[in-house]
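Examination of the molecular architecture
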Amino acid sequence: MSNNSYICDCNAVHKELVDNVLRGMPEDEIFVKLANFYKIIGNDTRCKIIYALSVNEMCVCDLANVLSMTKSSISHQLSKMKDAGVVKCRRDGKEVYYTLDDEHIAGIFAISLAHINHKH
């Protein structure tokens with residue numbers, strides 16, 4: 001089967017289908033934000049951080065230990081994730097604890113992981 005077998009040779013436009021999609025189509029700005037969100041979570045280190053934080057609230061030292069990385073490297077990743085709204089933090093004395101920003105992040109991650117495990 002050639003690659004061309006997936007190309008539509010017709011010139012017909014199914015107006016109802018096109019209109020239905022266009023009615024619900026988010027604005028371009030939303031797609032830019034969505035793509036940027038996936039860029040942030042599309043990194044294996046940040047995926048590991050998301051997994052760890054889906055299990056427990058953790059400080060940088062704990063995350064560094066779990067991931068066998070330096071505190072500096074973990075802090076750098078967490079800073080990017082915080083700016084993107086993926087994680088949030090709270091201070092307790094000298095320690096800063098991180099959690100996932102909200103249940104949507106945990107849900108997206110759980111569904112993605114289930115998809116990968118299903119395909120694996």
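Residues numbered from 1 in each chain as written. Predicted model: local features only at pLDDT ≥ 70, side-chain atom pairs only at ≥ 80, totals over all residues. Heavy atoms only, no water.

Details of the nonpolar core
Leu-53, Leu-78 and Val-86 are the most contacted members of the largest nonpolar core, which totals 22 residues. Residue assignment for this core shows that the elements contributing at least two residues are helix 2 (28–41), helix 3 (44–55), helix 4 (60–67), helix 5 (71–83), strand 3 (95–100) and helix 6 (103–119). Excluding anything up to four places from it in sequence, Leu-53 contacts Met-58, Leu-63, Leu-78, Val-87, Tyr-98, Thr-99 and Leu-100. (Core = buried A, V, L, I, M, F, W, Y, C linked by side-chain atoms within 4.5 Å. Buried < 20%, exposed > 50% of the residue type's maximum accessible area, 1.4 Å probe, protein only. Helix = DSSP H or I, 4+ residues; strand = E, 2+ residues; numbered from the N terminus. Contact = heavy atoms within 4.5 Å.)

Considerations on unusual backbone geometry
The phi dihedral of Ser-68 falls on the positive side, at around 55°, and the residue is not glycine. Turning to its location among the elements, Ser-68 is positioned in the loop between helix 4 and helix 5. Of the residues examined, Ser-68 reaches a relative accessible area of 68% and is grouped as exposed.

Overview of a nonpolar patch on the surface
A cluster of nonpolar side chains, contributed by Val-13, Val-18, Val-21, Leu-22, Met-25, Phe-31, Leu-34 and Tyr-38, occupies part of the molecular surface with about 750 Å² of accessible area. Those elements giving two or more residues to the nonpolar patch turn out to be helix 1 (15–24) and helix 2. Tracing the chain through its elements places Phe-31 in helix 2. On the accessibility criterion, Phe-31 (37% relative accessible area) is partly exposed. (Patch = residues over 30% accessible without salt bridge, like charges linked within 9 Å, V, L, I, M, F, W, Y side chains within 5 Å. Areas by Shrake-Rupley, 256 points an atom, 1.4 Å probe, with all protein chains shown as cover. Salt bridge = Lys/Arg side-chain N within 4 Å of Asp/Glu carboxyl O.)

The values are spatial; any link to function lies outside them.
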